[in-house]
Amino acid sequence: MSELPWLVADVGGTNARFGLVTAPGEAPSQVAVLAGAEYASLPDAVAAYLADHAGGVRPGAACVAVAGPIGGDAYELTNLPWAGSISALGLPYATLLNDFEALAVSLPHLAGNDLVWLGGPPPCDGIKAVLGPGTGLGVAGLVPGDQGWIPVPGEGGHVSVPVYDEREQEIVSALRAQGLRHVEAEHVLSGPGLTRLHRALALVNGVAGAETLTASEIVAREDDPLCAETIEVFCAMLGTFAGNVALTLGARGGVYIGGGVLPRIVERVRASAFRRRFEASPSMSGYLSTIATALITAPQPALTGAAAWLTQQLSRRSVYEPA
């Protein structure tokens, strides 16, 4: 097994989060968050983290989760101009995960205050699903295998928007009138999607001169009727989307919600139509009622997933290495 410590990272479009694993199975320590825009490349950011926050150690292995497409040892960030090969880190062992793959791998390791339950029975063994509205809308699965958990990445955030009733169809029509020819789930179920949803509801409600608000402003204005309705519609549509993901993957092991939007409004999510809409399938309501739903509130779950993935992969690798 590779020499400790190991480096783990979760690199998004805005921030790059780093930590060290000092023993297999332990949670990452010495966690630091760096602004991606301040560094020209991933190796530059890694070097800065190791020098400034990790005492200049040289890791024996690394797992880097990135918000963007990966292929073999190559990565390309979607919202940050970083691209290249993970081998450029110059470490004895380095591997890549998509950020939602890492979030999926974290699921069996989350407990207690890491989760807020949103309805359904306690989770059971079996396939799990994770989805999350943030800058975009990520989706992944986690399948149990003979040698550990297997993450299943996907692009489920780009399916067609989940429309449940005539009111939501009016909202989609308004979005099309505002320039979206084909409305994807991500167009409404994300941080930028909250802004789009707010504008569309203003048009549907006939609210003239409604100002354009950011997701943070919409969340903060709890006494504003249009903002409150935006959050309600958002949570309801997310419930339908989550139910669709559960049915697609057969996620009897639970559906988990991550991303940066919902942890700020936990109680409003719990009081919303999310769970009712999750189960509102004409033919599969009974099936969905047996699936647990939970909101991830752990501060750095993708780092937890990257650490778990390294432990699993390096343990397997050591079994096959010659003595």
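Everything below is about the structure printed above this text.
Only a predicted model underlies this, so the values are computations on that prediction, with no experimental measurement involved.

Colleague: It is not clear to me how the packing of helix α3 (residues 166-177) against helix α4 (residues 191-205) should be interpreted in this structure. Could you clarify?
Modeller: How two helices sit against one another is set out by the angle between their axes and by the gap between those axes. Packing of α3 against α4 leaves a shortest axis separation of 9 Å and a crossing angle of 105 degrees. Between α3 and α4, the interaxial angle falls into the category roughly perpendicular. Listed contacts from α4 to Arg-167, Glu-170, Ile-171, Ala-174 and Leu-175 of α3 are Arg-196, Leu-197, Ala-200, Leu-201, Leu-203, Val-204 and Asn-205. The residue inventory of the contact of α3 with α4, partitioned by class, reads 8 nonpolar, 1 polar and 3 charged.

Colleague: I tried to follow the packing of aromatic side chains on my own but got confused; where do I start?
Modeller: Geometrically, a pair of aromatic rings is defined through the distance of the ring centres and the angle of the planes. Taken as a whole and assessed by the stated rule, the structure comprises 3 aromatic pairs. With centroids separated by 5.2 Å and ring planes inclined at 20 degrees, the aromatic side chains of Phe-18 and Tyr-49 adopt a geometry described as stacked. Here Phe-18, found in strand β2 (residues 15-21), pairs with Tyr-49, found in helix α1 (residues 42-53); they are 31 residues apart in sequence, far enough to count as distant. Accessibility assignment for this pair places Phe-18 and Tyr-49 in one class, buried.

Colleague: Please explain the layout of surface pockets as it appears in this structure.
Modeller: By volume, the largest pocket is sized at about 1,300 Å³. Looking at the largest pocket, it is lined by 49 residues, and the ones nearest its centre are Ala-67, Asp-99, Phe-100, Gly-134 and Thr-135. At the level of elements, β1 (6-11), β2, α2 (99-106), β11 (137-145), α4, α5 (215-220) and α10 (301-320) are the ones that each hand at least two residues to the lining of the largest pocket. Broken down by element, the lining of the largest pocket gets its largest block of residues, 4 residues, from α2. Counted by class, the lining of the largest pocket contains 18 nonpolar, 24 polar and 7 charged residues.

Colleague: I tried to follow unusual backbone geometry on my own but got confused; where do I start?
Modeller: In most cases, non-glycine residues show a negative phi, while peptide bonds are predominantly trans. Of note, the amide linkage connecting Leu-4 to Pro-5 takes the cis form, showing an omega dihedral of 0 degrees. Its place among the elements puts Pro-5 in the segment before β1. A positive phi angle, close to 50 degrees, is found at Gln-30, a residue other than glycine. Relative to the helices and strands, Gln-30 is located in strand β3 (residues 29-35).

Colleague: What should I look at first to understand the environment of Gly-120 in this one?
Modeller: With respect to the helices and strands, Gly-120 occurs in the loop between β9 (115-119) and β10 (128-133). Take Gly-120: its relative accessible area is 45%, and that puts it in the partly exposed class.

Colleague: Quick question: what am I supposed to make of the pattern of salt bridges here?
Modeller: Side chains that carry opposite charge are capable of pairing whenever their charged atoms lie near each other. This model, assessed by the stated rule, comprises 6 salt bridges. Across the salt bridge formed by Arg-167 and Glu-229, the nearest N and O atoms sit 2.6 Å from each other. Residue Arg-167 is located in helix α3, and its partner Glu-229 is located in helix α6 (residues 225-249); the two are separated by 62 residues in the primary sequence. A residue is classified by how much of its surface remains accessible, and Arg-167, at 30% relative accessible area, is partly exposed. Among the charged side chains, a network of salt bridges with common partners joins Arg-167, Glu-170 and Glu-229.

What counts and what doesn't
- Along each chain, residues carry numbers from 1 onward, in the same order as the chain's sequence is written.
- Residues qualify for local features only when their pLDDT is at least 70, as the model is predicted, and side-chain atom pairs are given and counted only at 80 or more; totals for whole chains, interfaces and linings, by contrast, use all residues.
- The basis for every side-chain value is the complete set of non-hydrogen atoms in the structure, without hydrogens or water.
- Think of each axis as a best-fit line through the C-alpha atoms, taken over the contacting stretch in the case of a helix, with angles from 0 to 180 degrees between the N-to-C directions.
- We count a stretch as a helix when DSSP gives it H or I for four or more residues in a row; a strand needs E for two or more, and each element gets its number in order from the N terminus.
- Convention used here: angles under 35 degrees read as roughly parallel, angles over 145 as roughly antiparallel, angles from 65 to 115 as roughly perpendicular, and any remaining angle as oblique.
- The contact criterion used is simple: two residues touch if any of their non-hydrogen atoms lie within 4.5 Å.
- Charged residues are taken to be Asp, Glu, Lys and Arg, nonpolar residues to be Ala, Val, Leu, Ile, Met, Phe, Trp, Tyr, Cys and Pro, and polar residues to be all remaining types, Gly included.
- Geometry of aromatic contacts follows a simple scheme: Phe, Tyr and Trp rings, the Trp one being its six-membered ring, pair when their centres are within 6.5 Å, and the pair is stacked under 30 degrees between planes, edge-to-face over 60, tilted otherwise.
- Residue burial is assigned from relative accessible area. The probe radius is 1.4 Å, only protein chains are included, and a residue is buried under 20% of its type maximum, exposed over 50%, and partly exposed in between.
- Here a cavity denotes a set of grid points, spaced 1 Å apart and computed over the protein atoms alone, in which a 1.4 Å probe fits but from which it cannot get out, and a pocket denotes an open set meeting protein on both sides within 12 Å along at least five of seven lines; residues with an atom within 4 Å of a point are reported as lining.
- Grid points are joined across faces, edges and corners, and a volume is the space filled by probe spheres set on the points.
- Here a salt bridge means any side-chain nitrogen of Lys or Arg lying within 4 Å of a carboxyl oxygen belonging to Asp or Glu.

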